Amino acid sequence: MTALATPEKTRARGVAPTAGLRRPRRYGRALLYVALLLGAIPTILPFVWLVRSALMTDTQMFVAPPEWIPDPFQWSNFGEALTAQPFGLYLLNTVIIAVVCVIGTVFTCSVAAFSFARLRWKGRNVVFALLLTGVMLPYAVTIIPTFVMWQELGAIDTFVPLTVPAWFAGAGGGVFNVFLLRQFFLTIPFELDEAAYIDGASPWRVYWTVVMPLSRPAIVVVTIFTFIGTWNDFLGPLLYLQDESKYTLSLGLASFQSVFITQWGYLMAASAAVIAPIVALFFFLQRYFIEGVTLTGIKN
Amino acid sequence: MKRRDLFRIGGLAALGAAAAACGGGGGGGGSKGSTQLQFMYWGSTFEKAAVEKMLRQYEQKNAGVDVKPLFTPDEYDVKLNTLVASGRVPDVGYVPMSMSYRLAEQGTLVNLFPYVKKYPQLAGCLPDAYLWYGQDKLHGLATANEVMLLWYAKDALAEAGVAAPPADAASAWTWDQLVENAYKLTVDQNGKHPDESGFDPKQIRQFGISSSITYGAAWYGFLRSNGADFADEAGKRCLLDTPEAIKVFQNLQDLIYKHRVMPGPGQLAATGDDVPGTNVLLKTKRVAMVVDGHWSLLDMNQSKVNYGIGVLPKYGEPFTTTQVAGASAVFAGSKHVEEAVELFAFHNDPRYVDLFQQGLWMPQEKRYYEDQASVDAWTRNAAHPPEFRTAVVDYTRGHGVPDLRNRLKNMSAVSSDVLTPALQEIESGKRPAADVLKEATPKITAMLQGWHHTQEI
Amino acid sequence: MRRFEARWGVLMALPAILGFVIFTVGPMIASFFFSLTDWQVGGQPSFVGLDNYTALADDALFWKSLSATTYYTLGAVPLTLLVSFAVAMLLNQKVRGLALWRTIFYLPTLVPAIANVVLWIWIFNPDFGLLNSLLRQAGLPTSQWVYSEEMAVPSLIIMSTWGFGNTMVIFLAGLQGVPRHLYEAVSIDGGGPWRRFWHVTLPMMTPTIFYNLVVGVVGTFQVFTQAYVMTEGGPNQATLFYVYYIFRKAFTESEMGYASALAWVLFMIIMVVTFLMFRNARRWVYYEMAGAR
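Within an unreviewed UniProt entry, the label attached to chain C reads Sugar ABC transporter permease, and the organism entered is Nonomuraea rhodomycinica. In its Sequence similarities (unreviewed entry) section, the UniProt record describing chain C reads: "Belongs to the binding-protein-dependent transport system permease family." Looking at the Subcellular location (unreviewed entry) heading of the UniProt record, one finds this comment for chain C: "Cell membrane".

Chain A goes by Carbohydrate ABC transporter permease in an unreviewed UniProt entry, where it is assigned to Nonomuraea rhodomycinica. Quoted verbatim from the Sequence similarities (unreviewed entry) field of UniProt, the annotation for chain A is "Belongs to the binding-protein-dependent transport system permease family." What the UniProt record of chain A gives under Subcellular location (unreviewed entry) is the line "Cell membrane".

Asks: Sorry if this is basic, but what is going on with the UniProt feature "transmembrane region" (unreviewed entry) in chain C here?
Replies: Residue and element names in this part refer to chain C. The UniProt record marks residues 12-34, 71-91, 103-123, 151-175, 209-229 and 258-278 with the feature "transmembrane region" (unreviewed entry), using the residue numbering of this structure. Between the end C-alpha atoms of residues 12-34 there is a gap of 34 Å, over a span that is 100% helix and 0% strand. Structurally, residues 209-229 comprises 86% helix and 0% strand, and the distance from its first C-alpha atom to its last is 30 Å.

Asks: Can you help me understand the interface of chain B and chain A in this one?
Replies: Accessible area lost upon the coming together of the parts serves often as the stated size of an interface. Every contact between the two is made by 47 residues of chain B and, on the other side, 37 residues of chain A. The contact between chain B and chain A buries some 3600 Å² in all, and 64% of this surface belongs to carbon and sulfur atoms. Across the contact surface, chain B and chain A share one salt bridge.

Asks: Any chance you could explain the packing of helix α12 (residues 216-232) of chain A against helix α8 (residues 165-175) of chain C here in plain terms?
Replies: In a packed pair of helices, the relevant descriptors are the angle between the two axes and the axis-to-axis distance. At a closest axis distance of 8 Å, the pairing of α12 of chain A and α8 of chain C adopts a crossing angle of 160°. Between α12 of chain A and α8 of chain C, the crossing angle belongs to the class labelled roughly antiparallel. Considering how the two elements wind past one another, α12 of chain A and α8 of chain C form a crossing that is right-handed. In this structure, α12 of chain A contributes P217, A218, V221 and F225 of chain A to the contact, and α8 of chain C contributes N166, V169, I170 and A173 of chain C. A class-by-class count of the residues in the contact of α12 of chain A with α8 of chain C yields seven nonpolar, one polar and no charged.

Asks: Looking at this structure, how should I read the interface of chain C and chain A?
Replies: Contacts between the two partners involve 111 residues from chain C, matched on the other side by 116 residues from chain A. In this assembly, chain C packs against chain A so that about 10200 Å² is buried in total across both faces, 77% of it on carbon and sulfur atoms. Our count for the contact surface shared by chain C and chain A stands at one salt bridge. Residue R120 of chain A pairs with E5 of chain C through a salt bridge whose shortest N-O separation is 2.9 Å. Applying the counting rule to chain C against chain A returns eleven residue pairs in polar contact (both at pLDDT 80 or more). Listing elements by their share of the side of chain C that touches chain A, those giving two or more residues are α1 (3-34), α4 (98-110), α5 (113-123), α8, α9 (180-188), α10 (193-221), α12 (242-252) and α13 (256-284) of chain C. Here the element with the most residues in the side of chain C that touches chain A is α1 of chain C; it accounts for 22 residues. Residues of the side of chain C that touches chain A, tallied by class, amount to 81 nonpolar, 19 polar and eleven charged.

Asks: Would you take a moment to explain the UniProt feature "transmembrane region" (unreviewed entry) in chain A for this structure?
Replies: All names here are of chain A. As recorded in UniProt, the feature "transmembrane region" (unreviewed entry) lies at residues 30-51, 87-114, 126-150, 162-185, 206-231 and 264-285. Measuring from the first to the last C-alpha atom of residues 30-51 gives 30 Å, for a span that is 100% helix and 0% strand. The span residues 87-114 is 100% helix and 0% strand, and its two end C-alpha atoms sit 39 Å from each other.

Asks: How should the sheet that holds strand β9 (residues 287-293) of chain B be read in this particular structure?
Replies: Hydrogen bonding along the main chain pairs the strands of a sheet, whether they run parallel or antiparallel. All names here are of chain B. A sheet is described by the order of its strands in space; here five strands give the open sequence β7-β8-β9-β6-β10, paired in mixed fashion. Two strands lie at the open edges of the sheet, namely β7 (187-188) and β10 (307-310), each paired on one side alone. Inspection of the sheet shows strand β6 (residues 148-153) paired to β9 by five bridges, in the antiparallel sense. Looking at β9, one finds that Y152 is bridged to M289. Its contacts with the sheet place helix α8 (residues 175-185) against β7, β8 (204-210) and β9, and it is angled at close to 165° to β8.

Asks: What should I look at first to understand the nonpolar core in this one?
Replies: When a protein is soluble and globular, its nonpolar side chains tend to lie buried together. In terms of nonpolar packing, the biggest core is built from 362 residues, with W219, F230 and F249 of chain B touching the most fellow members. With 14 residues, helix α5 (residues 87-118) of chain A is the single largest residue contributor to this core. Setting aside residues no more than four positions away along its own chain, W219 of chain B makes contact with S212, I213, T214, F230, F249, L252, L404, L419 and L423 of chain B.

Asks: Just to check I follow, could you spell out the sheet that holds strand β2 (residues 65-71) of chain B for this structure?
Replies: All names here are of chain B. Within the open sheet, the six strands sit side by side as β2-β1-β3-β12-β5-β4. Their pairing is mixed. The outermost strands of the open sheet, each flanked by one partner alone, are β2 and β4 (130-134). The mean inter-strand angle of the sheet, taken between neighbouring strand axes irrespective of direction, is 30°. Of the pairings in the sheet, the one linking strand β1 (residues 35-41) to β2 comprises seven bridges and is parallel in character. Bridge assignment links Q36 to a residue of β2, and that residue is D66. Those strands touched by helix α4 (residues 97-105) are β3 (92-95), β4, β5 (137-142) and β12 (327-330), and its axis lies near 40° from that of β4.

Criteria and cut-off values
- Residues numbered from 1 in each chain as written.
- Chains lettered and ligands numbered in written order.
- Predicted model: local features only at pLDDT ≥ 70, side-chain atom pairs only at ≥ 80, totals over all residues.
- Heavy atoms only, no water.
- UniProt positions renumbered as here; feature names shortened; annotations may be inferred.
- Helix = DSSP H or I, 4+ residues; strand = E, 2+ residues; numbered from the N terminus.
- Contact = heavy atoms within 4.5 Å.
- Buried area = accessible area lost by both parts, 1.4 Å probe.
- Salt bridge = Lys/Arg side-chain N within 4 Å of Asp/Glu carboxyl O.
- Axes fitted to C-alpha atoms, helices over the stretch in contact; angles between N-to-C directions.
- Parallel < 35°, antiparallel > 145°, perpendicular 65-115°, else oblique.
- Left-handed = near helix turned anticlockwise from the far one by under 90°.
- Nonpolar A, V, L, I, M, F, W, Y, C, P; charged D, E, K, R; others polar.
- Polar contact = N/O pair within 3.5 Å; in protein donor to acceptor, adjacent residues only side chain to side chain.
- Pairing = 2+ DSSP bridges.
- Core = buried A, V, L, I, M, F, W, Y, C linked by side-chain atoms within 4.5 Å.
- Buried < 20%, exposed > 50% of the residue type's maximum accessible area, 1.4 Å probe, protein only.

Okay, structure coming up:
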């Protein structure tokens with residue numbers, strides 16, 4: 001809490017040696033690129049592995065020691081894998097579920113986080129602590145009662161159990177998002193709220209015009225996590241869907257594997273195709289991880 | 001306390017009054033007029049296509065019956081447990097080995113005994129195919145038959161000048177012959193064999209043999225062949241500490257660490273039994289001979305391996321593990337039991353399911369092993385090699401012992417809690433088999449609850 | 001505390017509260033009742049009081065799985081925090097192709113588990129695997145990695161660290177909230193990058209670090225996937241993680257009563273640990289409003 005005071009202490013030193021920074025900075029940049037390159041080798045490995053496997057025959061995929069260049073390039077893996085099942089339909093189902101979940105989660109979690117971070121009300125911390133306990137019980141033992149609950153509501157074989165909880169702050173696992181946003185909201189200067197209240201703004205207005213615009217990076221994180229989470233969710237669709245016309249991509253992927261046989265080439269090709277959209281999504285959304293210009297301006 | 005009460009407590013807390021209007025499950029549902037059945041299964045897309053085709057044929061032959069597939073590619077036990085708990089079971093379906101007897105004893109599966117006589121294809125199965133849970137109480141059949149075999153890469157054997165493993169049980173190799181040939185087939189990067197000086201066990205190019213120590217179906221045939229068994233006649237005392245049993249496991253361990261002809265844990269880059277598959281191991285000649293199930297046939301043909309099939313080596317009488325498959329069953333609570341049994345009798349009938357001719361499944365009906373025309377019906381095609389008749393059909397018929405998991409009560413808990421960890425220790429080579437087995441045997445005995453019931457049909 | 005704040009506070013938290021009450025509490029209570037019974041899925045349960053809980057004390061696998069899980073948590077959480085913080089700092093610089101770099105570093109999180117497993121099986125292969133090849137070239141002793149009892153958990157820790165992407169992204173988002181004027185203040189005072197990091201970045205990042213710590217601990221205590229797809233709990237129960245054990249009891253053996261008791265014990269453990277972390281947080285986590293409220 002007191003750490004913030006430390007910069008003040010250093011002020012006594014005086015002299016700003018900005019002039020001397022040039023040379024070390026150049027070395028610094030070179031070093032930076034070296035570090036990036038070194039880090040990128042192991043992190044890109046799983047992806048390269050996936051893509052090379054997707055283009056190989058089952059036999060070549062497992063030669064030891066491994067080979068990196070497919071010979072021949074099995075482009076047909078992609079075509080055959082993606083037509084072996086109605087992936088177009090699965091894609092549509094998955095997109096519907098993911099989009100509904102993202103909107104619901106971002107909205108309800110940020111509203112709740114705003115309440116927990118920036119509004120004072122009795123029992124607030126107790127309620128927050130209670131919500132957190134929802135993620136501490138392993139879900140293995142709540143699968144059955146949860147299923148029974150949805151059954152009593154007549155929601156089996158619909159998207160309802162997969163999407164509606166997202167509109168209640170994600171229920172269960174969604175609490176992590178509330179917690180995350182709360183942490184970010186807590187770092188925004190409180191004077192901003194006070195100023196708005198003095199101008200007669202309502203908390204809703206403060207949430208919408210002050211806190212949310214300043215929290216774009218955190219909102220993007222929640223968007224990415226929720227999208228990827230629903231995109232890859234396997235157990236939810238497996239349990240709640242029955243009709244194959246409602247199946248999702250993750251269920252489609254799983255059917256390339258079986259007790260006795262696994263169609264490795266298809267599995268890898270379909271996996272690569274299925275993650276491509278989320279790679280693209282991340283690529284475009286990461287741009288929001290840049291310093292909030294507004295924040296700097298306001299503070300000064 | 002009743003199960004429903006338990007739920008109601010949770011349900012009430014969750015739903016308030018809504019829970020009072022409880023629905024209750026049962027059967028695959030179904031509107032009036034047409035009969036609707038639900039068929040729950042797992043499988044690859046390959047199997048899925050065959051099963052869907054089978055279901056379509058069933059619908060064609062049974063006008064007015066509608067079968068809805070409930071395809072469950074993975075986490076089958078999680079889903080089935082959930083459906084059982086919520087009273088929403090399918091009409092017919094696969095049931096994992098670890099669950100079928102338990103569900104039968106609880107009354108969740110239909111006793112098929114009264115129906116069997118009506119269907120010749122059910123009445124005439126191999127004796128070990130039937131899954132009994134008491135006198136005249138039959139809960140299902142193993143979905144298809146499977147048997148453990150000795151697969152080999154023809155090219156590797158030709159290079160080493162080793163004669164192919166015998167394809168009939170009578171002339172099966174002895175264990176010593178297996179070891180002897182495995183030496184010839186094991187080669188390091190410099191072309192040296194394990195019995196030559198300068199052999200580098202860290203750089204083995206081709207292993208002679210691979211046979212799982214941890215997978216029960218792979219060693220149970222050896223155990224029986226050496227006159228040992230897993231448990232005594234009552235099924236209450238574990239016999240893995242007998243000299244005969246110890247010898248079998250010590251021999252397996254020796255293949256890795258003494259003879260150095262078999263890969264140890266991880267050396268094939270394999271966890272479990274399917275990464276990579278036997279087809280890849282043989283095709284790339286990482287291993288010359290592999291003990292694996294008949295189901296590999298499909299993969300072998302698809303990846304065009306130059307393979308051959310032999311019978312397993314023997315100690316005394318030759319034995320191999322059969323019925324290495326989970327159950328198919330009819331679920332209690334089905335609104336249309338007659339139709340469900342009809343579908344049950346249909347779902348693994350070689351006349352309607354392509355998987356037999358394609359080499360993934362073996363029939364359960366006896367005549368497919370005895371009557372020439374019937375044998376030909378599923379084996380006379382490009383997917384089945386010439387030695388298939390003696391090495392697989394006759395071998396299964398005359399020398400099969402059923403997989404322990406479908407015979408011994410509580411076997412899945414025994415495996416996961418005590419047996420598998422013990423076998424992993426043997427596989428790691430840190431202690432001799434005798435030490436490990438003598439320690440594990442009393443623990444297993446404490447968990448044993450007897451053999452499952454068996455009887456003539 | 002202003003009146004309208006309380007009204008709005010409850011209203012805005014309402015979706016979350018309702019979600020908790022409707023979708024979470026009921027199943028939790030139900031599972032707690034299961035834990036007091038001998039319920040086996042498909043059968044009739046009878047009330048056994050605390051028998052399941054007392055039986056745990058004599059269950060060697062309970063202790064084994066608890067220690068394996070704790071070991072994993074103690075290794076994976078700090079390692080992941082360190083690596084992801086460092087990478088986030090790196091990816092917060094102005095470099096060419098930033099979008100591409102960030103995506104590359106996030107990729108391991110996106111590759112599906114099964115494809116990842118096949119890769120790691122090769123990496124850990126004792127003979128020709130990547131790790132042992134590197135060690136051999138460096139003249140260092142090799143290891144059996146995931147195939148030996150001693151190294152199995154550390155191997156999985158290494159493997160899990162690759163999935164640092166999510167933690168890294170949160171740090172990256174957090175770094176955007178560090179006010180520039182604080183950096184400038186340090187620079188004016190003649191402080192270099194190290195001082196900027198130590199006196200500005202780190203303290204301003206404590207709320208984010210705290211979040212990642214809590215979520216990391218809560219998550220790794222419930223680690224499941226790797227034991228399930230990679231090791232099946234072996235070798236010799238070395239990677240029998242707690243939740244994997246619960247799954248085996250609950251769905252392979254259908255012992256839902258016992259599995260629920262296991263789950264509630266873990267619940268208590270996680271709750272206590274989380275509580276301690278929150279208490280301790282007052283000492284080191286900096287919030288804008290800390291003094292005010």
